[in-house]
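# Overview (structure and organization)
Below are the chains, spelled out letter by letter.
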Amino acid sequence: MKCYECTSKLSDYIDNKLTEQEQNDVERHLKDCPSCSEALVHLQYMLENISALKEVDMPASLHKDIMAKIYKEIKQEKKVIPFKTWMKSIASIAAAMLIVVVLIDASHNGGKGSAPLDRSKADMKGVARSEVMESAILSDDIEANKVQEAEAPMLKRAAEDSATSESVKDSKVQASEEPLEEWEITTSEKEKIIAAIKDYGDKNNLQPEYLPNEKDVSSIILYKIQNKDELLEGLYKIEPKLQITKKEEGGENLKIIIK
Amino acid sequence: MDDAAEIQLVNRAKLGDINAFETIISAHEKGIYTICLRMLSQEQEAYDATQEVCIKIWRQLHNFKGESKLKTWIYRITTNQCLDKLRKTKNKREISLFQTRVEDDSEWVMDKPSEKENTEEIVEHKELQEVLKQAIAELKEAYRMIIILRDINDYSYDEIAEILNISLGTVKSRISRARGALKKILEQNKEPYKSFFVKKGNKEGKL
């Protein structure tokens, strides 16, 4: 090992950062080389004295002064807060107003069943309507409540998204744009076909929606239907020459119009 | 302070708990001040810099996600603050140098009270420390910083890599070069350095 190689490794040697091989090489060289040995002693002596520089007398007033600065900082922060809260309340009022508009809109559009359908709205209304059929006591108010319940998660989400009107609009659009596939069936076995769709719906827990009502069905909507082919096979079993016209294939919700 | 207690304190401080923040600062203010003092060399500047660092910690605490240790995060802010301050004073100094047409930059560093004349009356190791401080102040910033972190504050190579955001290899070679540079300064045959290693001999002789 040459002297320049040895001196370049002395720092690592002191800090134990050399490989075993390197360490042996350095030690062997140091034994025979007085000038490198002196360099090592100098380095060690220097480092010993440097570590004494750690002893620093921190001025006694420093801690207090630091905390005083922090308190001042907090005071300044607080001055800004009223503006922030003001902005927040404006945002929540705006969001609340928008939701009211949406709710009014929902109750006015009720029962038209126009496509594309708003899933949450139509779903809840379908339930509400069948209840109305069974019990005349239920009023429109209850239906409105049901709609409101359906909107509730959205409202919560909107509030979480710092309550901007954009996010409310977005979730609305998303809900109404869920794709709806349409099958138009012409059959001579209407009642059997309806019963089969109903069975399929109940079996797969799809909560079918009957339009205009369950006793006089002209169309059925199945939401989030997983296996349309299975349903189709079942229908062909009842009537092998069944005529079906499909529209908007690939939708995750299915509307079946029966003629 | 163990890690779990520290995390708890940080979380409380993030929520605006000033007492929690004070506990954190109490644990680190001396370390911050030491780095600032050794880096900036002047007490008043170190005093101001320490306060600035602590305000930065308060302001930026919400950015601390616990990916590194709190200590390394705090000292990263400290080293950056020191380098910032040095850059600003350097600019000022360069302007005044230009105006006064003083060409030798080192005169600024050497421009310290020349009490060294009365060496015999000063306690030996105190004097050595003064000489060392002066030599450290002569080092270029990157070398000075790494000597402060490694040899004054005793941080591990890993911690230094995190604080300075450089690779372990760079830490290793920079420590070696910085020590070499400092040794070279101290080995100069001029005041106040020329007796630095001679004193070592005397000390050994006495022992």
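We now turn to the structure provided with this report. Treat the numbers as computed from the prediction; the structure is a model and nothing was measured. (Residues numbered from 1 in each chain as written. Chains lettered and ligands numbered in written order. Predicted model: local features only at pLDDT ≥ 70, side-chain atom pairs only at ≥ 80, totals over all residues.)

## A short note on the overall build of chain A
- For chain A, the helix and strand inventory stands at nine helices and five strands.
- For chain A, the α and β elements follow one another from N to C terminus as α-α-α-α-α-α-α-β-α-β-β-α-β-β.
- For chain A, the residues scored as buried account for 21% of the 259 residues in total.
- Counted over contacts in chain A with a minimum sequence separation of 6, partners at least 24 positions apart contribute 71%. (Helix = DSSP H or I, 4+ residues; strand = E, 2+ residues; numbered from the N terminus. Buried ≥ 20, exposed ≤ 12 C-beta atoms within 10 Å, placed from the backbone. Contact = placed C-beta atoms within 7 Å.)

## Focus on the interface of chain B and chain A
- Listed as interface residues are 35 residues of chain B and, on the opposing side, 27 residues of chain A.
- Counting residues per element, the ones that place at least two in the side of chain B that touches chain A are helix H2 (18–40), helix H3 (43–60), helix H6 (124–138), helix H7 (141–152), helix H9 (168–186) and helix H10 (196–206) of chain B.
- Looking at which element gives the most residues to the side of chain B that touches chain A, the answer is H2 of chain B, with 11 residues.

## Side note on the nonpolar core
- Counting 51 residues, the largest nonpolar core has Cys-36 and Ile-147 of chain B as its most contacted members.
- Non-local contacts of Cys-36 of chain B, meaning those with residues more than four positions away in its chain, are made with Ala-46, Ala-49, Thr-50, Thr-78 and Cys-82 of chain B.
- Membership of the second largest hydrophobic core comes to 16 residues, among which are Ile-185, Ile-193, Tyr-200 and Ile-220 of chain A. (Core = buried A, V, L, I, M, F, W, Y, C linked by C-beta atoms within 7 Å.)

## Concerning unusual backbone geometry
- With omega at -10°, the peptide bond leading from Leu-211 of chain A into Pro-212 of chain A counts as cis.
- With respect to the element layout, Pro-212 of chain A can be found in strand E2 (residues 209–213).
- Between Glu-191 of chain B and the following residue, Pro-192 of chain B, the backbone shows a cis peptide bond with an omega angle of 0°.
- Unusually for a residue other than glycine, Ser-41 of chain B sits at a positive phi of about 70°.
- For Ser-41 of chain B, the position within the fold is in the loop between H2 and H3.
- Despite not being glycine, Asn-165 of chain B has its phi angle at roughly 60°, a positive value.
- Relative to the elements of secondary structure, Asn-165 of chain B occurs in the loop between helix H8 (157–164) and H9.
- On the basis of neighbour count, Asn-165 of chain B is assigned to the exposed category, with 11 C-beta atoms found within 10 Å.

## Things to note about the sheet that holds E2 of chain A
All names here are of chain A.
- Here we have five strands laid out as an open sheet, ordered E2-E3-E5-E1-E4, and mixed in their pairing. Across the chains shown, the open sheet's two edge strands, defined by having one partner strand only, are E2 and strand E4 (243–247). Adjacent strand axes in the sheet meet at a mean angle of 20°, parallel and antiparallel pairs treated alike.
- Here five bridges tie E2 to strand E3 (residues 216–222), and the two strands are oriented antiparallel to one another. Of the residues in E3, the one forming a bridge with Glu-209 is Ile-221.
- Where helix H8 (residues 190–203) meets the sheet, it contacts strand E1 (180–186), E3 and strand E5 (253–258), and its direction lies at approximately 165° from that of E5. (Pairing = 2+ DSSP bridges. Axes fitted to C-alpha atoms, helices over the stretch in contact; angles between N-to-C directions.)

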